[in-house]
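# Coordinates in review
Read off the chains here:
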Amino acid sequence: MTLNRDSAMNVANVLTEALPYIQRFAGKTLVIKYGGNAMIDEELKNSFARDIVLMKTVGINPIVVHGGGPQIGDLLKKLNIESHFVNGMRVTDSATMDVVEMVLGGLVNKDIVGLINNNGGRAVGLTGKDGKLIKAKKLKVKHKTPEMTAPEIIDIGHVGEVSQIDTELLDTLVNSNFIPVIAPIGVGRHSGSSYNINADLVAGKVAEVLKAEKLILLTNIEGLLDKEGNVLTGLSTDQVDSLIEDGTIYGGMLPKIGCALSAVKEGVTSAHIIDGRVPHATLLEIFSDDAGVGTLITNALSDDSDSNQED
């Protein structure tokens, strides 16, 4: 009996702690980029789906943007289509783009939609081609080796960047209590060609145009680390700019930080880079009195930031 009472008390404490956040974020839009281990591990996949359903149930409007690089690589290997990379980006010819659309728009997207719906949600899968949701243009890649006097522009095929997000379809779905799940495939404004776009960049742009309350990027690391390996959080945009300038942020982390930084500067209240390997990481970040499970970036001063510590 004591054990049951203790268990019930723990549930009551959790709900009481979450109440101010539920009230605060009700009716607000959260854009969540879903990728990494959270998309592969079965327990993490189900915990993520339940998190999304819970958010919608308490009046928050989650929008999911997903990646799928490893799944694309696996299918290309099975089809004996060789992958080439330039500056970390996959060269995407027509055959590769067919696989990208098959994996992102089909297999991965429908798997996520199914998980959310099986946990009581009402998810709808989209690519950026649906309703011309994501208009894209070819990404121009500059490549320079030490012996070159000037960088060369390399055509890496159907790899794009966002030129415009049309929010009409998203608004319709959200207002009808559906959860949009977006595969990061864009469509050429004039040509109608398909483009593979980095999911972090799509999530950031969607958050920007919707003026979302939060942009949440799930990763396979604890968050943004300093040079000693400590997680940095409660950062202002000015502090992030300084960390880029002094070399603390470099390499593969730059694009992720860049889209988070851009989103906050363009009106998103806060951006979070969190550890997707932690079960229920999104709920811990949104509904907890603790410091969260990753890096928080806002436009506010660090001692006045939109942190989970402030309530």
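Residues numbered from 1 in each chain as written. Predicted model: local features only at pLDDT ≥ 70, side-chain atom pairs only at ≥ 80, totals over all residues. Heavy atoms only, no water.

## Describing the side chain of Glu 285
Quick note on the threshold: Each helix corresponds to a stretch of at least 4 residues labelled H or I by DSSP, and each strand to a stretch of at least 2 residues labelled E; elements are numbered beginning at the N terminus. Definition of a polar contact: a pair of N or O atoms within 3.5 Å, with one able to donate and the other able to accept a hydrogen when the atoms are protein atoms, and with sequence-neighbouring residues admitted only if both atoms are side-chain atoms.
Within the element layout of this structure, Glu 285 appears in helix H9 (residues 281-287). One polar contact links Glu 285 to His 272, side chain to side chain, over a distance of 3.0 Å.

## Quick word on the UniProt feature "binding site: substrate" (unreviewed entry) in the protein chain
For the record, the criterion: UniProt positions are given in the numbering used here, feature names are shortened, and annotations may be inferred rather than shown by experiment. Of the grid points, spaced at 1 Å and generated over the protein atoms alone, those admitting a 1.4 Å probe that cannot get out make up cavities, while open sets with protein on both sides within 12 Å along at least five of seven lines make up pockets; any residue with an atom within 4 Å of a point is treated as lining. Two residues form a contact once any of their heavy atoms are found within 4.5 Å. The buried label goes to any residue with under 20% of its type's maximum accessible area, the exposed label to any with over 50%, and the partly exposed label to all in between, with areas taken from a 1.4 Å probe on protein chains only.
Under the UniProt annotation, "binding site: substrate" (unreviewed entry) lies at Gly 68, Gly 69, Arg 90 and Asn 196. With the annotated positions falling across 129 residues, the maximum pairwise C-alpha distance of 12.4 Å places them together in a single cluster. Taking the annotated residues in turn, Gly 68, Gly 69, Arg 90 and Asn 196 line the largest pocket. Secondary-structure assignment places Arg 90 in strand E4 (residues 89-90). Beyond its immediate stretch of four places on either side in the chain, Arg 90 contacts Gly 69, Ile 72, Gly 73, Leu 76, Ser 83, His 84, Phe 85, Thr 96, Ile 156 and Val 159. At 3.4 Å, the side chain of Arg 90 forms a polar contact with the backbone oxygen of Gly 69. Residue placement: Asn 196 occurs in strand E12 (residues 194-196). With a relative accessible area of 14%, Asn 196 lands in the buried category. Leave out the neighbours within four places in its chain, and Asn 196 touches Thr 92, Met 97, Val 100, Leu 104, His 158, Val 159, Gly 160 and Pro 184.

## Comments concerning empty space enclosed by the protein
Inclusion rule: Grid points are joined across faces, edges and corners, and a volume is the space filled by probe spheres set on the points.
If you walk through the whole model with that rule in mind, you get one cavity of 30 Å³ or more. Approximately 60 Å³ is the volume attributed to the largest cavity. Along the walls of the largest cavity sit Ala 38, Leu 44, Ser 47, Phe 48, Asp 51, Leu 218, Gly 276, Val 278, Pro 279, His 280, Ala 281 and Thr 282, which together make up its complete lining. At the level of elements, helix H2 (42-57) and H9 are the ones that each hand at least two residues to the lining of the largest cavity.

## What to know about the sheet that holds strand E14 (residues 235-236)
Convention followed: Criterion used throughout: strands pair if DSSP finds at least two bridges between them. As a rule, the C-alpha atoms of each element are fitted with a line to give its axis, helices using only the stretch in contact, and angles between N-to-C directions run from 0 to 180 degrees.
An order of E5-E10-E2-E1-E13-E15-E16-E14 is seen for the eight strands of this open sheet, with the pairing classed as mixed. Either end of the sheet is taken by a strand with one partner, and the two such strands are strand E5 (123-127) and E14. Both strand E2 (residues 61-66) and strand E10 (residues 179-183) contribute to a ladder of two bridges, which runs parallel. Across the sheet, the residue bridging to Val 65 is Ile 182, located in E10. Relative to strand E13 (residues 214-219), helix H8 (residues 253-265) is tilted by about 170°, and along the sheet it contacts strand E1 (29-34), E13, strand E15 (270-275) and strand E16 (294-298).

## Describing the packing of aromatic side chains
The criterion, for reference: Centres within 6.5 Å make a pair out of two Phe, Tyr or Trp rings, where for Trp the six-membered ring is used; the pair is then stacked when the planes are under 30 degrees apart, edge-to-face when over 60, and tilted otherwise. As a reminder, the over-ring test applies to NZ of lysine and CZ of arginine, requiring each to be within 6 Å of the ring centre and within 35 degrees of the ring normal.
Applying the stated rule across the entire model yields one aromatic pair. Between the aromatic rings of Tyr 34 and Phe 48, the centroid separation amounts to 3.9 Å while the plane-to-plane angle is 5°, which identifies the pairing as stacked. In this pair, Tyr 34 sits in strand E1 while Phe 48 sits in helix H2, placing the two residues 14 residues apart along the sequence. You can call Tyr 34 buried: its relative accessible area is 2%. A residue is classified by how much of its surface remains accessible, and Phe 48, at 4% relative accessible area, is buried. It is Arg 122 that lies over the ring of Phe 178; its NZ or CZ is 4.0 Å from the centre.

## What about the packing of helix H6 (residues 199-210) against H8?
Axis angle and axis distance: for two packed helices, these are the angle between their axes and the distance between the axes, and together they describe the pair. What counts here: Here is the rule for angles: anything less than 35 degrees is roughly parallel, anything more than 145 is roughly antiparallel, 65 through 115 is roughly perpendicular, and the remaining ranges are oblique. In this count, Pro and Cys sit with the nonpolar residues alongside Ala, Val, Leu, Ile, Met, Phe, Trp and Tyr, while Asp, Glu, Lys and Arg are called charged and the others, Gly among them, polar.
Between H6 and H8, the shortest axis-to-axis distance is 9 Å and the interhelical angle comes to 5°. In this view, H6 runs roughly parallel relative to H8, as classed from their interaxial angle. From H6, Asp 200, Leu 201, Gly 204, Lys 205 and Glu 208 reach across to H8, where they touch Lys 256, Cys 259, Ser 262 and Ala 263. Classifying every residue of the contact of H6 with H8 by side-chain character gives three nonpolar, two polar and four charged.

## Some words on the pairing of E2
Rules: Assignment of crossover handedness uses the view with strands pointing away from the viewer, where a clockwise path from the first strand over the helix to the second indicates a right-handed crossover.
Burial within E2 is extensive, with six of its six residues counted as buried. The two faces of E2 match: Asn 61, Ile 63 and Val 65 on one face and Pro 62, Val 64 and His 66 on the other face are all buried. Here E1 runs beside E2; their pairing, made up of six bridges, is parallel. Looking at the pairing, Ile 32 lines up with Val 64 of E2. Taken together, E1, H2 and E2 constitute a β-α-β crossover, and its handedness is right-handed.

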